[in-house]
Amino acid sequence: MHTQSIPQISAALQQGQLSSVELTQHYLNRIERYNPQLNAFITVTDELALAQAQAADKYLKNGTAGPLTGIPFAHKDIFCTQGLLTSCASKMLANFIAPYNATIVEKCQVAGLVILGKTNMDEFAMGSSNETSYYGPVKNPWDLQAVPGGSSGGSASAVSARLTPGATGTDTGGSIRQPSALCGITGLKPTYGLVSRYGMIAFASSLDQGGPMAHSAEEVAWLLNAIAGFDPRDSTSLEREPVDYSAQLNNNLQGLKIGLPKEYFGEGLDPAVDTLIQTALQELEQAGAELHSIELPNTPLAVPIYYIIASAECSSNLSRYDGVRYGYRCEEPQDLMDLYQRSRGEGFGAEVKRRIMIGTYALSAGYYDAYYLKAQQIRRLISNDFAQAFQKVDIIAGPTSPTPAFNLGEKFNDPVKMYLSDVYTIPVNLAGLPALSLPVGLIQQRPVGLQLIGNYFGEPKLLNVAHQYQQRTHWHQLTPTHF
Ligand code: GLN
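Residues numbered from 1 in each chain as written. Predicted model: local features only at pLDDT ≥ 70, side-chain atom pairs only at ≥ 80, totals over all residues. Heavy atoms only, no water.

## Things to note about the site of the ligand
Here's step 1: Surveying the vicinity of the ligand reveals 15 residues, the closest of which are Gly 173, Ser 175, Tyr 306, Arg 355 and Asp 422.
Here's step 2: Interatomic distance of 2.6 Å between a backbone N/O atom of Gly 173 and an oxygen atom of the ligand.
Here's step 3: Taking Gly 174, its main chain carries an N or O atom lying 3.3 Å from an oxygen atom of the ligand.
Here's step 4: Burial of the ligand by the protein chains amounts to 100% of its free accessible area of 290 Å².
Here's step 5: Class assignment for the residues of the shell around the ligand results in five nonpolar, seven polar and three charged. (Near = heavy atom within 4 Å. Polar contact = N/O pair within 3.5 Å; in protein donor to acceptor, adjacent residues only side chain to side chain. Areas by Shrake-Rupley, 256 points an atom, 1.4 Å probe, with all protein chains shown as cover. Nonpolar A, V, L, I, M, F, W, Y, C, P; charged D, E, K, R; others polar.)

Here it is as structure tokens:
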């Protein structure tokens with residue numbers, strides 16, 4: 001049952017060959033069996049899942065079901081879920097029961113998706129390996145010694161091991177695409193503003209974007225149909241005509257121009273990853289696409305300026321965790337300063353504190369112009385690089401991550417090395433563009449992802465290219481051996 005795709009499960013549900021309760025129970029059993037090894041879920045919502053599945057079965061019987069009705073699903077623990085723990089994998093929020101649903105959660109509920117639980121992640125979505133979670137690291141189902149990537153590592157691990165057909169993730173600098181690559185699944189970071197951020201706990205608001213993770217581009221398209229759209233409660237949400245993201249999956253790729261940035265294939269790229277990416281590109285060429293060499297000259301500046309901008313925004317966003325209004329409060333504070341200092345000192349983990357300190361420094365009087373303002377100017381240059389490239393090509397392609405999954409602990413004490421694992425994903429967030437990662441092979445049983453970057457609102461094209469690749473290959477259908 002769990003090897004079926006979302007469209008296949010949907011058909012079985014609609015035709016009455018399967019009930020949502022049976023299906024949901026099957027996934028809950030798999031979570032019970034495998035989650036202790038993977039630590040992909042922080043919360044499993046068995047009772048709620050079965051109640052939602054029962055309701056879904058009613059809609060399926062009386063003919064009011066939509067395409068996603070009754071299909072199990074999971075949310076990253078960064079999305080507020082009414083009445084359920086919403087921890088953001090931090091001690092700071094380990095007692096926080098959200099009083100309302102995030103728009104993305106509400107939209108999934110309206111579409112009939114059944115919530116299995118909340119997935120593990122890096123604390124406040126800061127990380128590339130899912131090792132900063134207060135609830136402990138997540139394991140990669142392809143190799144339990146390896147990280148699943150981060151920060152949406154719980155969602156990627158759970159989808160990859162088939163503990164859920166799909167999940168939400170969020171991507172500030174790569175956190176949907178990089179774990180998708182490292183766990184061998186398909187994940188899409190939409191255009192900034194396409195999916196509402198209301199109820200999504202803020203890390204760096206000008207970069208954060210929620211999106212879907214599943215096995216194939218077709219499934220991602222179905223999920224995007226449910227979660228995209230204007231939301232008046234998010235002031236950066238974009239008002240546009242609704243689009244059917246699965247309508248263009250079968251377009252042929254004849255004459256499609258794919259740009260290959262030379263900066264994405266240089267020093268630092270694992271040669272074995274390069275080989276698999278080249279093979280995938282040849283496959284797209286055989287499907288009719290043309291490959292063109294392009295340049296994105298400001299790429300080397302992306303990681304340094306990201307760590308100024310993202311840290312500056314996080315230092316501001318995370319100031320709300322003061323021990324007063326909600327979240328963790330220290331025991332017996334002596335006075336107000338002691339309350340602030342110990343609540344924040346005890347509630348946040350080391351990586352979060354590092355970012356708050358960097359951000360506070362970059363925003364302080366006297367340094368603002370030298371760091372923050374300069375970073376914003378360079379951000380514009382990076383966007384301009386992409387704008388120029390998209391005058392020549394339809395999409396851009398390259399590796400999602402310079403290496404396959406690394407081992408747990410390998411980069412944990414070397415933040416700069418860790419930060420460099422996002423070199424190819426971060427520029428996309430700085431420019432607000434859509435991008436997708438899809439699996440294109442294995443290196444010693446560890447998956448490799450191809451990244452496709454589109455122009456603003458280019459999601460249909462990205463999904464089309466990924467789907468055409470997936471029609472010709474089997475990488476997205478693989479399940480890690482022990483699951
Ligand atoms: N790894 C990057 C960071 O730690 C990106 C995280 C993300 O996209 N949420 O900031």
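## Re the pattern of salt bridges
Here's step 1: A complete count under the given rule lists 13 salt bridges for this structure.
Here's step 2: The partner of Asp 231 in a salt bridge is Arg 233, with the nearest N and O atoms 3.5 Å apart.
Here's step 3: When its relative accessible area of 40% is taken as the criterion, Arg 233 is described as partly exposed.
Here's step 4: One connected set of salt bridges, linked through shared partners, spans Glu 106, Asp 231 and Arg 233. (Salt bridge = Lys/Arg side-chain N within 4 Å of Asp/Glu carboxyl O. Buried < 20%, exposed > 50% of the residue type's maximum accessible area, 1.4 Å probe, protein only.)

## A short note on helix 12 (residues 369-392)
Here's step 1: The end-to-end C-alpha distance of helix 12, which contains 24 residues, comes to 34 Å, matching closely the 34 Å that a straight helix rising 1.5 Å per residue would cover.
Here's step 2: Listed in full, the buried residues belonging to helix 12 are Tyr 372, Ala 375, Ile 378, Arg 379, Ile 382, Ser 383, Asp 385, Phe 386, Ala 389 and Phe 390. (Helix = DSSP H or I, 4+ residues; strand = E, 2+ residues; numbered from the N terminus. Expected span 1.5 Å × (residues − 1).)

## Regarding the environment of Gln 25
Here's step 1: In this fold, Gln 25 is placed in helix 2 (residues 20-38).
Here's step 2: Residue Gln 25 is classed as partly exposed on the basis of its relative accessible area, which comes to 32%.
Here's step 3: Each C-alpha atom of the pair Gln 25 and Ser 152 lies 24 Å from the other, and the pair is 127 residues apart in sequence.

## Looking at the nonpolar core
Here's step 1: Residues Phe 124, Phe 386, Leu 450 and Leu 452 are the most contacted members of the largest nonpolar core, which totals 148 residues.
Here's step 2: When residues of this core are assigned to their parent elements, the largest contribution, nine residues, is made by helix 9 (residues 302-317).
Here's step 3: Those residues in contact with Phe 386 that sit more than four places away from it in its chain are Tyr 264, Leu 296, Ile 396, Pro 427, Val 428, Ala 431, Leu 433 and Ile 453. (Core = buried A, V, L, I, M, F, W, Y, C linked by side-chain atoms within 4.5 Å. Contact = heavy atoms within 4.5 Å.)

## Looking at the packing of aromatic side chains
Here's step 1: Applying the stated criterion across every chain yields a total of 15 aromatic pairs.
Here's step 2: Each ring, one from Tyr 100 and one from Tyr 198, has its centre 5.3 Å from the other, and the planes form 40 degrees; the classification is tilted. Here Tyr 100 is found in the loop between strand 2 (72-76) and helix 4 (103-110), whereas its partner Tyr 198 is found in the loop between strand 5 (186-189) and strand 6 (210-214), with 98 residues between them in sequence.
Here's step 3: Taking the relative accessible area as the measure of exposure, Tyr 198 reaches 25% and is therefore partly exposed.
Here's step 4: Consider the rings of Tyr 368 and Tyr 372, whose centres lie 5.3 Å apart with planes at 40 degrees: the pair is tilted.
Here's step 5: Looking at Tyr 368, the relative accessible area reads 35%, which means it is partly exposed. (Phe/Tyr/Trp six-rings, centres within 6.5 Å; stacked < 30°, edge-to-face > 60°.)

## Overview of the packing of helix 2 against helix 3 (residues 46-62)
Here's step 1: Across the interface, helix 2 lies against helix 3 with an axial gap of 8 Å and an inter-helix angle of 155 degrees. In terms of their interaxial angle, helix 2 and helix 3 are classed as roughly antiparallel. Between helix 2 and helix 3 lies a crossing whose hand is right-handed. Packed against helix 2, whose contacting residues are Ser 20, Val 21, Thr 24, Gln 25 and Leu 28, the element helix 3 presents Asp 46, Ala 49, Leu 50, Ala 53, Gln 54, Ala 56 and Asp 57 at the interface.
Here's step 2: Split by residue class, the contact of helix 2 with helix 3 holds six nonpolar, four polar and two charged. (Axes fitted to C-alpha atoms, helices over the stretch in contact; angles between N-to-C directions. Parallel < 35°, antiparallel > 145°, perpendicular 65-115°, else oblique. Left-handed = near helix turned anticlockwise from the far one by under 90°.)

## Some words on the packing of helix 7 (residues 217-227) against helix 15 (residues 459-472)
Here's step 1: Orientation of helix 7 relative to helix 15, taken along the N-to-C sense of each, is 150 degrees, at an axis distance of 8 Å. Here helix 7 lies roughly antiparallel to helix 15, going by the angle between them. Each of Ala 217, Glu 218, Val 220, Ala 221 and Leu 224 in helix 7 lies in contact with helix 15, whose residues at this interface are Glu 459, Leu 463, Ala 466, His 467 and Gln 470.
Here's step 2: When the residues that make up the contact of helix 7 with helix 15 are grouped by side-chain class, the tally is six nonpolar, two polar and two charged.

## Description of the side chain of Ser 129
Here's step 1: Position of Ser 129 relative to the elements: it lies in the loop between strand 3 (114-119) and helix 5 (153-160).
Here's step 2: The class for Ser 129 is buried, based on a relative accessible area of 1%.
Here's step 3: Of the polar contacts made by the side chain of Ser 129, one reaches the side chain of Glu 131; its length is 2.6 Å.
Here's step 4: In contact with Ser 129, not counting residues within four places along its chain, are Asp 122, Val 147, Pro 148, Gly 149, Gly 150, Phe 406 and Met 418.

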